[in-house]
Amino acid sequence: THYSWRPRVIAADQRDKPYNPWGRHEFDLTPTRLIDEGSRLRRQLEGAGLVSFGTVPTCNSATSDDELKQHFEGSAIVGAGRVRIAPAPYPQGAFDYGDLLTSTIERYRQLVAIARSFGQKIVLETHSGSFVSSPALALNICRHFDPTDIGVIFDINNFMIEGGLKPNLAVAVIGKYIDHAHV
């Protein structure tokens, strides 16, 4: 079976707040620790009969290149072949979808080049409230890339929240880019 690593940093404004998986979480595997301790953690994981799937940090395409390089490096050290990088959040008010899509695709072109240098693939997650909340929206980005460079974490629960798309239609839309499924 496969394991997803979750390297995260607890934001300063969350450190004294109650537990929250998107704020103050109970998991202290920072990107730096994953790099420093990744070889040992990989051996432990493999000793337990598990395989590294990827890393799923809380970051997006607007995250700095230096920070994303840490995530790619950590993922490579633990033997995971992919890193989840969400698109940057879309504006809350009116915006030009075509312009934002074009700039998002260009940013992913830059990120794919960085990911390749670490032997990694980028995965997007169909997640409610995101720029790729549905398979069709994810495809608008993915179709510009080879599936070996960008894939999709196919999260049925998340995209059912926005639009109620039936899974068989979703698979027909995004099929060749599906890298992993959350069920």
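Residues numbered from 1 in each chain as written. Predicted model: local features only at pLDDT ≥ 70, side-chain atom pairs only at ≥ 80, totals over all residues. Heavy atoms only, no water.

This brings us to the packing of helix α2 (residues 65-77) against helix α3 (residues 97-117). At a closest axis distance of 10 Å, the pairing of α2 and α3 adopts a crossing angle of 45°. As far as their axial angle goes, α3 and α2 are oblique. Of the two elements, α2 crosses α3, and the hand of that crossing is right-handed. Each of Asp65, Leu68, Lys69 and Phe72 in α2 lies in contact with α3, whose residues at this interface are Arg107, Leu111, Ile114 and Ala115. Among the residues making up the contact of α2 with α3, the classes are represented as five nonpolar, no polar and three charged. (Axes fitted to C-alpha atoms, helices over the stretch in contact; angles between N-to-C directions. Helix = DSSP H or I, 4+ residues; strand = E, 2+ residues; numbered from the N terminus. Parallel < 35°, antiparallel > 145°, perpendicular 65-115°, else oblique. Left-handed = near helix turned anticlockwise from the far one by under 90°. Contact = heavy atoms within 4.5 Å. Nonpolar A, V, L, I, M, F, W, Y, C, P; charged D, E, K, R; others polar.)

On to the side chain of arginine 107. Positionally, arginine 107 belongs in helix α3. Its relative accessible area of 17% is what places arginine 107 among the buried residues. Polar contacts involving the side chain of arginine 107 include one to the main-chain carbonyl oxygen of serine 61, which spans 2.7 Å. Apart from the residues lying within four places of it in its own chain, the contact partners of arginine 107 are Ser61, Thr63, Ser64, Asp65 and Leu68. (Buried < 20%, exposed > 50% of the residue type's maximum accessible area, 1.4 Å probe, protein only. Polar contact = N/O pair within 3.5 Å; in protein donor to acceptor, adjacent residues only side chain to side chain.)

Here we come to the packing of aromatic side chains. Tallied over the entire structure, the rule returns four aromatic pairs. Aromatic pair phenylalanine 72 and phenylalanine 118: ring centres 6.2 Å apart, planes at 25°, arrangement stacked. Of this pair, phenylalanine 72 sits in helix α2 while phenylalanine 118 sits in the loop between α3 and β4 (121-125); the two residues are 46 residues apart in sequence, bridging distant segments of the chain. Taking relative accessible area as the criterion, phenylalanine 72 reaches 0% and is therefore assigned buried. Look at phenylalanine 118 and you get partly exposed, because its relative accessible area is 26%. Above the plane of the ring of phenylalanine 145 lies arginine 109, whose end atom (NZ or CZ) is 5.8 Å from the centre. (Phe/Tyr/Trp six-rings, centres within 6.5 Å; stacked < 30°, edge-to-face > 60°. Lys NZ or Arg CZ within 6 Å of the ring centre and 35° of its normal.)

What follows is about the environment of leucine 124. Note on placement: leucine 124 falls in strand β4. Overall, leucine 124 belongs to the buried group, its relative accessible area being 0%. Those residues in contact with leucine 124 that sit more than four places away from it in its chain are Ile85, Pro87, Tyr108, Val132, Ile141, Cys142, Ile150, Gly151, Val152 and Ile153.

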